[in-house]
Amino acid sequence: MKMDTFIVDCPLCKARIAAKLEGLVTKIVRPGDEDGPSGDRLYVGACPRCGTPLAGESHQVGWEGQETEWDQWSDVVRVYPKPARTFSSCRIPRLVTDSLAEADKSLQAGAHTAAAAMFGRALEALCRNVLEPGTSAPRQPGEAPPPKKKKIMLAEGIQRLRDGKFIDERLYDWSQQLHAFRNWAAHPDEASISRQDAEDLQTFMNAIVLFIYDLPDRYEEFKTRQAGRTRSK
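Residues numbered from 1 in each chain as written. Predicted model: local features only at pLDDT ≥ 70, side-chain atom pairs only at ≥ 80, totals over all residues. Heavy atoms only, no water.

Participant: Outline the overall build of the protein chain, supporting the account with residue identities and numerical values.
Facilitator: Check the secondary structure of the protein chain and you find five helices and seven strands. Moving toward the C terminus, one meets the helices and strands of the protein chain in the order β-β-β-β-β-β-β-α-α-α-α-α. Counting only residues that meet the buried cut, the protein chain has 36% of its 233 residues in that class. Accessible surface, the protein chain: about 15,200 Å² in total, of which carbon and sulfur atoms supply 52%. (Helix = DSSP H or I, 4+ residues; strand = E, 2+ residues; numbered from the N terminus. Buried < 20%, exposed > 50% of the residue type's maximum accessible area, 1.4 Å probe, protein only. Areas by Shrake-Rupley, 256 points an atom, 1.4 Å probe, with all protein chains shown as cover.)

Participant: I'd like to hear about the environment of D200, residue by residue, with values.
Facilitator: Here D200 is to be found in helix 5 (residues 195–232). Sequence spacing of D200 and W174 is 26 residues, and the spatial spacing of their C-alpha atoms is 9.7 Å.

Participant: I'd like a description of the packing of aromatic side chains, backed by residues and values.
Facilitator: What the rule picks out here adds up to four aromatic pairs. Taking the centre distance of 5.4 Å and the plane angle of 5° together, the rings of W174 and F204 count as stacked. Residue W174 is found in helix 4 (residues 169–186), and its partner F204 is found in helix 5; the two are separated by 30 residues along the sequence. Residue W174 is classed as partly exposed on the basis of its relative accessible area of 31%. Over the ring of Y172 we find R162; its NZ or CZ atom is 4.1 Å from the centre of that ring. (Phe/Tyr/Trp six-rings, centres within 6.5 Å; stacked < 30°, edge-to-face > 60°. Lys NZ or Arg CZ within 6 Å of the ring centre and 35° of its normal.)

Participant: I'd like to hear about the nonpolar core, residue by residue, with values.
Facilitator: Counting 36 residues, the largest nonpolar core has L100, F119, L123, L126, M205, I208 and V209 as the members making the most contacts within it. Put simply, the parts of the chain that give this core at least two residues each are helix 1 (94–108), helix 2 (112–131), helix 3 (154–163), helix 4 and helix 5. The biggest single contributor to this core is helix 2, with 11 residues. Here F119 is in contact with L100, A103, L107, L178, A198, L201, Q202 and M205, once residues within four sequence places are set aside. Among the nonpolar cores identified, the runner-up in size contains 10 residues, and F6, V8, I17 and C47 belong to it. (Core = buried A, V, L, I, M, F, W, Y, C linked by side-chain atoms within 4.5 Å. Contact = heavy atoms within 4.5 Å.)

Participant: Hey, could you go over helix 5 for me, with residue numbers and the actual values?
Facilitator: End to end, helix 5 covers 53 Å across 38 residues, agreeing with the expected 56 Å (1.5 Å per residue, within 8%). A bend of about 45° at L210 is the largest found in helix 5. (Expected span 1.5 Å × (residues − 1). Bend = angle between axes of the 7 residues up to and from the residue.)

Participant: Kindly report on the pattern of salt bridges, identifying the contributing residues and their values.
Facilitator: Evaluated as defined, the whole model comprises 12 salt bridges. The residue E156 makes a salt bridge to R160 at a minimum N-O spacing of 3.3 Å. Here E156 and its partner R160 are both found in helix 3, four residues apart, which amounts to about one turn of the helix. Residue E156 is classed as partly exposed on the basis of its relative accessible area of 39%. The closest approach of N and O atoms between R195 and E199, which form a salt bridge, is 2.9 Å. Here E199 and R195 lie together in helix 5, a separation of four residues that amounts to about one turn. Both residues of the pair, R195 and E199, belong to the buried class. (Salt bridge = Lys/Arg side-chain N within 4 Å of Asp/Glu carboxyl O.)

Participant: Lay out unusual backbone geometry with the relevant residues and their values.
Facilitator: The omega angle of the peptide bond from Y80 to P81 is -10°, so this bond is cis rather than trans. Unusually for a residue other than glycine, K14 sits at a positive phi of about 55°. You can see K14 is positioned in the loop between strand 1 (5–10) and strand 2 (15–29). By relative accessible area, K14 is classed as partly exposed at 44%. Within the chain, K82 stands out as a residue other than glycine whose phi angle is a positive 50°.

Participant: Got a sec to walk through the packing of helix 1 against helix 2? Specific residues and values, please.
Facilitator: In the contact formed by helix 1 and helix 2, the axes pass within 8 Å of each other and the chain directions differ by 170°. Classed by the angle they form, the pair helix 1 and helix 2 counts as roughly antiparallel. Residues L95, V96, S99, L100, E102, A103, S106 and L107 of helix 1 form the contact with helix 2, whose participating residues are H112, A114, A115, M118, F119, R121, A122, A125 and L126. Of the residues contributing to the contact of helix 1 with helix 2, the split by class is 12 nonpolar, three polar and two charged. (Axes fitted to C-alpha atoms, helices over the stretch in contact; angles between N-to-C directions. Parallel < 35°, antiparallel > 145°, perpendicular 65-115°, else oblique. Nonpolar A, V, L, I, M, F, W, Y, C, P; charged D, E, K, R; others polar.)

As structure tokens, then:
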């Protein structure tokens with residue numbers, strides 16, 4: 001079936017639009033191949049409202065004759081312009097990055113409440129990673145496992161991040177706001193979450209991950225380079 005448009009999020013119009021399809025690249029690995037079935041598509045087009053060039057990707061989620069009547073593809077996620085934020089630190093827990101990625105997909109789909117919930121999940125995972133680092137001491141043979149600790153929840157985690165000076169007052173205030181929005185998202189109240197609010201929460205989460213992980217790593221790399229220059233003189 002010929003496609004003339006694809007549904008994607010336009011960051012300028014801040015809406016889901018039917019972009020005119022100008023180019024399509026499909027890569028498919030058929031079932032039975034060594035690495036198993038997979039399929040990827042890259043869509044290129046432009047917003048019919050503002051003319052912004054757009055590129056998006058989707059992945060095959062169903063195969064004709066393999067439990068589905070026809071090939072099925074995931075929703076298109078924008079990869080240009082303004083792709084999802086990436087970070088350089090290898091210390092960021094996967095639960096944090098996965099939650100941020102899910103939140104970005106929710107934003108692009110117009111699911112602002114779901115995005116807020118995922119941002120809260122990301123912040124709670126960050127709190128636990130910073131405040132409850134895993135121990136590297138192995139348990140000895142015959143030694144009883146340690147009693148399970150009560151996991152840090154979001155409100156406590158935010159307070160302890162500030163008390164431990166992991167974050168400053170501004171990031172603490174932002175965290176409190178995110179906590180409130182996460183609670184709204186988790187309970188069936190009448191309050192709704194706007195796209196602008198969800199995008200602001202995304203900006204904050206990117207900032208706190210940068211502050212906690214990326215900036216310290218970059219500074220340590222900078223100091224190492226400076227020390228190397230000093231020794232070479």
